[in-house]
Amino acid sequence: MKFGKEFTSQMVPEWQEAYMDYNFLKTLLKEVERFKQGSKPPATPARLKRKLTLHRAFSGLTHFARNGHPTCSSESDIESQAILVHSVERNGFAGYETTFLKLGEEGAEYELVYFRRLDDELNKVDKFYRSKVEELMIEAASLNKQMDALIAFRVKVENPQGLFDSSAEMNHLSMDVATSAAATTPSRARASSKCKPNSIRGTRPAPLQILDRVKMNNTVETPCSTIKGFLNPDQLTALYFTRENLKRVEQKLKKAFIEFYHKLCLLKSYSFLNSLAFSKIMKKYDKIASRNASKSYLKMVDESYLGSSNKVSKLMERVEATFIKHFCNSNRSKGMNILRPKAKKERHRVTFSLGFFAGCTVALILSLILIICTRHLLKLKEEGEKYMENMFPLYSLFGFIVLHMLMYAGNIYFWRRYRVNYSFIFGFKQGTELGYREVLFLGFGVAVLALASVLPNLEQTDPETEDYIAFTELLPLGLLVLVIVILICPLNIIYRSSRFFFLKCLFHCFCAPLYKVTLPDFLVADQLTSQVQAFRSLEFYICYYGWGDYKHRQNTCKTNVVYNTFYFIVAVVPYWSRLLQCLRRLFEEKDLMQAYNGVKYISTIVAVSVRTAYSLDKGMGWRIVAWVSSAIAAITGTYWDLVFDWGLLQKHAKNRWLRDKLLVPHKSVYFGATVLNVLLRFAWLQTVLDFQLSVIHREGLIAIVASLEIIRRGIWNFFRLENEHLNNVGKFRAFKSVPLPFNCDEDDEKDG
C-alpha cells in the first residue's frame with residue numbers, strides 16, 4: 001500500500017482536517033516535476049556523458065575559490081543549500097518559516113508555492129498538537145486529584161478505626177501517583193491545584209484531609225435518581241465510606257484512566273504519522289527537484305514541539321504504572337491488555353458461516369417457490385386465505401427483523417468505506433463493535449431458521465380430523481422464544497457485548513424520560529419508529545396463541561375490542577418514546593429545537609392513530625382527517641430529515657443545495673437519496689387510497705409497505721451518522737466524556 005493511502009487509513013477521523021495535507025502537497029510536487037521534465041535538456045549520448053563526468057570529477061579536485069584557497073566540502077554544502085529554515089512569531093504563537101534561496105532559477109515559483117504550503121501545514125499540525133497536549137496535561141492534573149481522593153477514600157474504608165499509621169499507608173499507596181504528578185503535571189497546573197493544600201513533591205503522601213473538601217458525583221442513572229434530580233438538581237452527595245461506594249468509585253476512575261490512555265495513544269499516533277509524512281514528502285521533493293533540502297527541513301521538524309515534546313510518552317508511562325498498581329493489583333500483563341486491547345481480527349469462520357447461511361437462505365427460498373408452484377397452493381383460496389390471515393403475520397415479523405439487519409450491515413460497510421467513525425458515535429467499547437460480516441451472519445442465521453420453519457407449515461390439514469399438526473403450528477412461537485432467549489442470554493456467546501448494549505438502549509427507550517438521552521438511545525428509538533408493523537405482529541402473537549384456535553388456523557383478533565385498542569397503542573409507542581426523549585433533552589439542554597422535534601412526533605402520533613382508525617372504520621370523515629394529518633406529518637418529517645438530520649438543502653453551501661462537506665464523492669447519491677426519502681415518506685398513501693392488487697393479499701401489501709419504511713430508515717441511517725460524524729470533525733471531538741467520581745469543593749479551599 002502506498003504511503004498516502006496508509007496515512008489516510010490511520011488518521012483519527014475526527015482530526016482529519018488537522019493532519020498534514022499530504023495529497024495536496026503531492027499535487028504541488030507534481031507541478032514541480034512537470035516543469036522540470038518540460039524544461040529538461042535533450043538527453044546526452046552515453047559516451048559523451050561519460051567524458052563530461054570524468055572532466056567534472058577531475059576539475060573538482062583543483063577548484064579554487066576567489067581568494068586562491070581550495071574550498072572545503074562544508075562550505076560547498078552551504079552554498080548548495082536550497083532553503084533556509086527558521087522560527088518566527090505569528091499571532092502570539094511560535095511558528096516556522098522557510099526561505100527559498102534559489103529564486104533566480106527558472107521555475108522557482110513552483111517550489112516557492114510548495115514551501116509556503118508546507119510551512120502552513122507544519123504550523124497547523126504543530127499548533128494543534130500543542131493545544132491537545134495542553135488539554136491532556138490539564139486533564140492529567142484533574143485525574144491526579146481524583147487519585148489522591150481515591151487513595152484517601154480507600155484508606156478510610158480499609159481502616160475505619162485508624163488502628164495503624166495512616167500516613168505510612170498513604171505513602172505506600174500514593175507513591176506512583178505523586179511521582180506521576182511531579183513528573184508530568186505542568187507547573188501552572190500544579191500551582192492551581194484545588195484539591196491539595198500543598199503541592200505534591202516526590203513521593204509525599206496525599207493527606208486524608210482531602211476528603212473534607214470532596215463530595216461524590218452522583219452519576220448513577222436510575223429512574224429514582226432522575227426523579228430526585230428533578231426535585232433537587234444538586235447531584236453532589238456526602239461521602240459514605242463503604243466497600244460498595246469504594247468499588248463504584250474505582251470502576252468510574254478505572255474507566256476514566258482507560259479513556260485517558262486512549263487519548264494519549266491517539267495523540268502519540270498523530271505526532272508519529274505527521275512526522276513521518278513530513279519526512280516522506282521532503283524526500284519526494286529532493287528526488288523530484290534534485291536538491292538536498294530534506295535534511296535541514298526535517299531538522300526543524302524534529303526541533304518543533306511536534307517532534308521534540310516527550311510529554312505524551314512520559315505521561316503514558318506514568319499512567320501505565322499507576323493503572324497497573326492501583327487497578328490491576330500490580331499485574332502488568334493484565335493491565336496492558338486492558339489499556340491496549342488487541343485489534344479485532346476478521347475470522348474466517350465468520351465469513352464461512354456467512355456464506356453457508358446465505359446459500360441456505362437462497363436454497364430455502366427456491367424450495368418454497370417450487371413447493372408452492374408444484375402443489376398449486378395459490379389456487380387453494382380457502383387454505384391460502386387461512387395462511388395469509390394467520391401464519392403470514394407471524395413469519396413477517398422475522399422478515400422485518402432480517403431486512404433491518406441487512407440494511408444495518410450495508411450501513412456499516414459504507415460507514416467504513418467512507419471513514420465514518422460509527423463505533424465512536426455509538427459509544428461501542430473498543431474491539432466489541434460488530435462488522436458488516438457479523439451482522440450479515442446473524443441476519444442470514446435468523447432467515448434460515450424462519451424459512452426452515454415455514455416449510456412444515458405448508459402442509460395441509462389431516463383429512464380425518466381436519467386439524468393442523470400442533471407441533472408445526474407452534475413453530476413460529478418457538479422460533480420467537482428462541483430469538484428472545486438468545487438476545488437476553490447472559491452467557492458470553494453470540495456477541496454478548498453487542499446484545500447487552502442493544503438491550504440497554506432498548507430499555508432506556510421504553511423508560512424514557514427517566515434516563516439521560518444519549519445518541520445511541522434516540523437512534524434506537526428512531527429505528528423502532530420504522531418497526532411499527534413488527535410491534536403489531538408481536539401483539540398478534542399474543543392474541544393468536546392466547547385466544548385463537550391455532551390448531552384450525554382461526555382467530556377473532558380483529559373483532560376483539562381489547563386487541564383493536566392495543567392495535568392503536570403499540571403503533572404509537574415508538575413515537576411516544578421519541579417524544580419523551582425530546583422533552584427530556586429540552587429540560588436538560590434548554591434547546592428549543594427539541595421542542596420543534598417533539599411537535600413533529602406529536603403530528604406523527606396523530607397521523608398514525610387516525611390512519612389506524614380509518615383502517616378499522618372505512619368512513620369518509622376518517623379518510624379526510626387521515627389525508628390531512630398524514631400529509632402534515634410526512635411534509636414535516638421529510639423537511640426535518642433533509643435539513644436537520646442530514647444537514648442538506650443549504651442554498652449557499654459549496655455544494656449547492658447539499659452541504660459544504662460530503663463524504664461520498666458523487667453528488668448524485670445525495671440527490672437520489674433525497675428523492676427516494678420523499679417518495680418512501682409518502683408510502684402511507686396506499687393505506688388512505690385503499691390501493692389493492694388482485695395478485696397480492698392485503699397482508700402481503702401491508703408487509704411490502706412496512707418493508708419500504710425499513711429500507712427508508714436504512715438509507716436515513718447512513719446520512720444521519722455521516723452528518724453527526726462531520727459535526728464531530730468540525731469540533732475535533734474524538735473522545736468520550738467520562739464522568740469522574742469526585743467533585744472538589746473549591747470555595748472551601750479559597751476561604752481557607
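Computed from a prediction, not measured in an experiment: that's the story for all the values here. (Residues numbered from 1 in each chain as written. Predicted model: local features only at pLDDT ≥ 70, side-chain atom pairs only at ≥ 80, totals over all residues. Heavy atoms only, no water.)

Draft legend 1. Region of the structure containing the overall build of the chain. Check the secondary structure of the chain and you find 30 helices and 5 strands. A buried classification covers 43% of the 752 residues belonging to the chain. A fraction of 74% describes how many contacts in the chain between residues 6 or more apart in sequence connect residues 24 or more apart. Carbon and sulfur atoms make up 60% of the accessible area of the chain, which amounts to about 41,200 Å² in all. (Helix = DSSP H or I, 4+ residues; strand = E, 2+ residues; numbered from the N terminus. Buried < 20%, exposed > 50% of the residue type's maximum accessible area, 1.4 Å probe, protein only. Contact = heavy atoms within 4.5 Å. Areas by Shrake-Rupley, 256 points an atom, 1.4 Å probe, with all protein chains shown as cover.)

Draft legend 2. Region of the structure containing the pattern of salt bridges. In this structure the tally under the stated criterion is 29 salt bridges. In this structure, Arg291 and Glu105 form a salt bridge, with 2.6 Å as the shortest nitrogen-oxygen distance. Within this pair, whereas Arg291 is found in the loop between helix 10 (243-289) and helix 11 (294-303), its partner Glu105 is found in the loop between strand 2 (93-100) and helix 5 (108-158), the two being separated by 186 residues in sequence. Exposure remark for Glu105: the relative accessible area of 35% places this residue in the partly exposed category. Between Glu724 and Arg720 there is a salt bridge; the shortest N-O distance is 3.3 Å. In this pair, Glu724 and Arg720 both sit in helix 29 (residues 698-730), 4 residues apart, roughly one turn of the helix. (Salt bridge = Lys/Arg side-chain N within 4 Å of Asp/Glu carboxyl O.)

Draft legend 3. Examining the packing of aromatic side chains more closely. The final tally for this structure, using the stated rule, is 41 aromatic pairs. Judged by centre distance (5.4 Å) and plane angle (75°), the rings of Trp15 and Phe128 are edge-to-face. One end of the pair, Trp15, is in the loop between helix 1 (3-9) and helix 2 (22-38); the other, Phe128, is in helix 5, and 113 residues separate them in sequence. The burial state of Trp15 is the same as that of Phe128; both residues are buried. Look at Tyr114 and Tyr285: their rings are 5.2 Å apart centre to centre, the planes differ by 10°, and that puts the pair in the stacked class. Placement of the pair is Tyr114 in helix 5 and Tyr285 in helix 10, with a sequence separation of 171 residues. When sorted by exposure, Tyr114 lands in the same class as Tyr285, which is buried. By the ring-pair criterion, three or more aromatic residues cluster together here, those being Phe3, Phe7, Trp15, Tyr19, Tyr22, Phe128, Tyr129, Tyr270 and Tyr305. The residue whose ring lies beneath Arg536 is Tyr567, and the NZ or CZ to ring-centre distance is 4.1 Å. Sitting over the ring of Phe587, Lys590 keeps its end group 5.0 Å from the ring centre. (Phe/Tyr/Trp six-rings, centres within 6.5 Å; stacked < 30°, edge-to-face > 60°. Lys NZ or Arg CZ within 6 Å of the ring centre and 35° of its normal.)

Draft legend 4. Structural detail: the packing of helix 10 against helix 14 (residues 332-339). Viewed as axis vectors pointing N to C, helix 10 and helix 14 meet at an angle of 65°, and their least axial separation amounts to 9 Å. Comparing the axis directions of helix 10 and helix 14 gives the class roughly perpendicular. On helix 14, the residues that touch Lys254, Phe257, Ile258 and Tyr261 of helix 10 are Met336, Ile338 and Leu339. Class assignment of the residues belonging to the contact of helix 10 with helix 14 gives a composition of 6 nonpolar, no polar and 1 charged. (Axes fitted to C-alpha atoms, helices over the stretch in contact; angles between N-to-C directions. Parallel < 35°, antiparallel > 145°, perpendicular 65-115°, else oblique. Nonpolar A, V, L, I, M, F, W, Y, C, P; charged D, E, K, R; others polar.)

Draft legend 5. Quick peek at a nonpolar patch on the surface. Side chains of Leu449, Leu482, Ile486, Leu491, Ile493 and Ile494 sit close together on the surface and give an oily, nonpolar patch of about 480 Å² of accessible area. Assignment of secondary structure puts Leu449 in helix 18 (residues 436-454). For Leu449, a relative accessible area of 38% translates into the label partly exposed. (Patch = residues over 30% accessible without salt bridge, like charges linked within 9 Å, V, L, I, M, F, W, Y side chains within 5 Å.)

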